[in-house]
Amino acid sequence: MSEESTAVTHPFLDLAPLSAARFASIEDRVARLLDTRQDVVIMQGEALLPLEGAIRGTAGPGTTALNVITGPYGQTFGDWLRDCGATVIDLAVPFHTAVTAAQIREAFAEHPGIDFVSLVHAEAATGNTNPVAEIGEVVREHGALFYLDAVASIGAEPVLPDAWGVDLCVIGAQKAMGGPAGVSAVSVSERAWARMAANPRAPRRSYLSLLDWKERWVDGGRKALLHAPAQLEMLALEACVERIEAERPETVMARHASAAAATRAGAVALGGGLEPYVRDAAEAAPVATTLRTPSGVVASELVARALASDPALPLAAGGGALAKEMIRVNHYGGDATVGVVQGCLAALGAALAEKGLDVDLEGARRAVEGVWR
């Protein structure tokens, strides 16, 4: 058999190189999705790359940071800030709720030297979402730099860095956008660029360096890329933005809001002791719904029973200590559908029934259909 006849071809292989112009056009589409005039830099890695790079680029020993903790990522940001030498004031709220603008204002009153605020918009891990627009007003009044993790929220709810006064807004495509995990983006304000330029500890000649992208890519007119792009991930990001544009962002967000409302209503109607983990529906994230298990029922065991019937269901137990009491229904991206919500609740109901608890599967089904819009 000839060498030519044994060659393996695949649509994901042997692609033409991604040009700088194509890369820049994808950045422009992401900027439109964010409705921002700020520079948008697409980074070649999962969202932890720009999340860490943005903190290390703007924080240092002279920084006094207010770090809001409404879930595990807020804890991680505090660790990075301390590692940079910043003075960190942690504002932690119970994971079943959201932080308020009043709490942010109180923190500024107590610590007037705060010049950096880090916040997670939606915590998929705990199921809460924070009122960024209101918080942004407070941060703007005090002139602090505003850093936002919008990885989980983008696509599920509005993310508007310009309107909210966000200086560093990091997004990822792997949740509500329904795209790849291996590429991410950050919008950067002029104030944030200036803070980085003035920071002697900002990473340079490093994969974490945003300044390298600024000087070699943005300031150069986006003509020459710093390194070979992650081609498949970039094409996948372009495709998922194109899909959102075609469906329309407001329709995609409405679908996620319906999934969240239906999951909460269905869980309550299901019974068996399940209840929403985030108590106030207004503070619940549209990207994922967290549920508290009844006393004596271990969440991780219940999820394992539910997944035995259908391993493809987007169910997970909470992380760490939350694995005992929290279930997460990840209704984002392609899973923000009435069928997925019904399937998750049916599987959880069957698992609860196996443990001898009374459930109302038909009531849950009707509740889901009753609130889906």
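Along every chain, residues carry numbers that run from 1 in the direction the sequence is written. Where totals are concerned, whole chains, interfaces and linings use all residues; where local detail is concerned, this predicted model gives features only for residues with pLDDT of at least 70, and gives and counts side-chain atom pairs only at 80 or more. With hydrogens and water stripped out, all remaining heavy atoms of the structure feed into the side-chain values.

Student: Hey, could you go over the sheet that holds strand β11 (residues 289-292) for me, with residue numbers and the actual values?
Tutor: Strands were regarded as paired on the criterion that DSSP finds at least two bridges between them. Numbering of helices and strands runs from the N terminus, with a helix taken as a DSSP run of H or I at least four residues long and a strand as a DSSP run of E at least two residues long. On the basis of which strands lie adjacent, the open sheet formed by four strands has the order β10-β11-β13-β12 and antiparallel pairing. The outermost strands of the open sheet, each flanked by one partner alone, are β10 (275-276) and β12 (315-317). Taken together, the two bridges between β10 and β11 define a ladder with antiparallel strand orientation. Looking at the pairing, proline 276 lines up with leucine 291 of β11. Contacts between residues were defined by any pair of non-hydrogen atoms, one from each residue, lying within 4.5 Å. Note on geometry: axes are lines fitted to C-alpha atoms, helical ones only across the stretch in contact, with angles between N-to-C directions running from 0 to 180 degrees. Strands in contact with helix α10 (residues 249-270) are β10, β11 and β13 (326-329); relative to β11, the strand with the most contacts, it is inclined by about 15°.

Student: For the pairing of β13, give the residues involved together with the corresponding values.
Tutor: Of the two faces of β13, both are covered, the one formed by Met326 and Arg328 as well as the one formed by Ile327 and Val329. Looking at chain direction, β11 and β13 are connected through four bridges and run antiparallel. Within the sheet, the bridge partner assigned to arginine 292 lies in β13 and is methionine 326. Here three bridges tie β12 to β13, and the two strands are oriented antiparallel to one another. Note that in β13 the partner of leucine 315 across the bridge is valine 329. Buried residues are those whose accessible area, probed at 1.4 Å on protein chains only, stays under 20% of the maximum for their type, while exposed residues exceed 50% and partly exposed ones sit between those limits.

Student: Report on helix α7 (residues 190-197), specifying residues and quantitative values.
Tutor: Taken as a whole, α7 has its buried residues at Ala192, Trp193 and Met196. Each buried residue of α7 lies within a common arc of 100° when the element is viewed along its axis, so the set occupies one face. Across α7 from its buried face, at more than 90 degrees, point the exposed residues Glu190 and Ala197. At its buried positions, α7 is contacted by β1 (39-43), α2 (48-58), β7 (145-149), β8 (168-172), β9 (184-188) and α8 (210-218). Of all possible arcs, the one meant is that of the directions from the helix axis to the C-beta atoms.

Student: Before we move on, can you summarise the pattern of salt bridges with the specific residues and values?
Tutor: We count a salt bridge whenever a side-chain nitrogen from Lys or Arg sits within 4 Å of a carboxyl oxygen from Asp or Glu. All chains considered together, the criterion is met by 21 salt bridges. For the salt bridge of arginine 292 with glutamate 325, the shortest nitrogen-to-oxygen distance reads 3.5 Å. Taken together, the residues arginine 292 in strand β11 and glutamate 325 in the loop between β12 and β13 connect sequence positions 33 residues apart. On the basis of relative accessibility, which here comes to 19%, the residue arginine 292 falls in the buried class. Its relative accessible area of 28% is what places glutamate 325 among the partly exposed residues. Arginine 366 is the partner of glutamate 362 in a salt bridge, and the nearest nitrogen-oxygen pair spans 3.6 Å. Here glutamate 362 and its partner arginine 366 are both found in helix α13 (residues 361-371), four residues apart, which amounts to about one turn of the helix. With a relative accessible area of 47%, arginine 366 lands in the partly exposed category.

Student: Break down the packing of α10 against α13 for me, citing the residues and quoting the values.
Tutor: Remark: α10 packs on α13, axes separated minimally by 8 Å, with the N-to-C direction vectors making an angle of 155°. Judged on the interaxial angle alone, α13 and α10 are roughly antiparallel. In terms of crossing hand, the pair formed by α10 and α13 is right-handed. Contacts between α10 and α13 involve Ala261, Ala262, Ala265, Gly266, Ala269 and Leu270 on the former and, on the latter, Leu361, Gly363, Ala364, Ala367, Val368 and Val371. Roughly parallel covers angles under 35 degrees, roughly antiparallel covers those over 145, roughly perpendicular covers 65 to 115, and oblique covers all other angles. Each crossing is labelled by how the near helix is turned from the far one, with a counterclockwise turn of less than a right angle marking it left-handed and a clockwise turn marking it right-handed.

Student: Account for empty space enclosed by the protein, naming residues and giving values.
Tutor: It is the rolling of a water-molecule-sized probe over the atoms that shows where space remains empty. Of the grid points, spaced at 1 Å and generated over the protein atoms alone, those admitting a 1.4 Å probe that cannot get out make up cavities, while open sets with protein on both sides within 12 Å along at least five of seven lines make up pockets; any residue with an atom within 4 Å of a point is treated as lining. Grid points are joined across faces, edges and corners, and a volume is the space filled by probe spheres set on the points. For the structure on display, the rule yields two cavities of 30 Å³ or more. Roughly 40 Å³ of internal volume is contained in the largest cavity. Listing elements by their share of the lining of the largest cavity, those giving two or more residues are β8 and β9. The residue inventory of the lining of the largest cavity, partitioned by class, reads six nonpolar, two polar and no charged. Ten residues, namely Ala, Val, Leu, Ile, Met, Phe, Trp, Tyr, Cys and Pro, are considered nonpolar, four, namely Asp, Glu, Lys and Arg, are considered charged, and the remaining ones, Gly among them, are considered polar.

Student: So, the packing of aromatic side chains: which residues are in play, and what are the values?
Tutor: Ring pairs shown here join Phe, Tyr and Trp side chains whose ring centres sit within 6.5 Å, with only the six-membered ring taken for Trp; geometry is labelled stacked below 30 degrees between planes, edge-to-face above 60, and tilted in between. This model, assessed by the stated rule, comprises six aromatic pairs. With 5.9 Å between their ring centres and 15° between their planes, phenylalanine 23 and tryptophan 213 make a pair best called stacked. Of this pair, phenylalanine 23 sits in helix α1 (residues 20-34) while tryptophan 213 sits in helix α8; the two residues are 190 residues apart in sequence, bridging distant segments of the chain. Joined through ring pairs, the aromatic side chains of Phe77, Trp80, Phe116 and Tyr147 make up one cluster.

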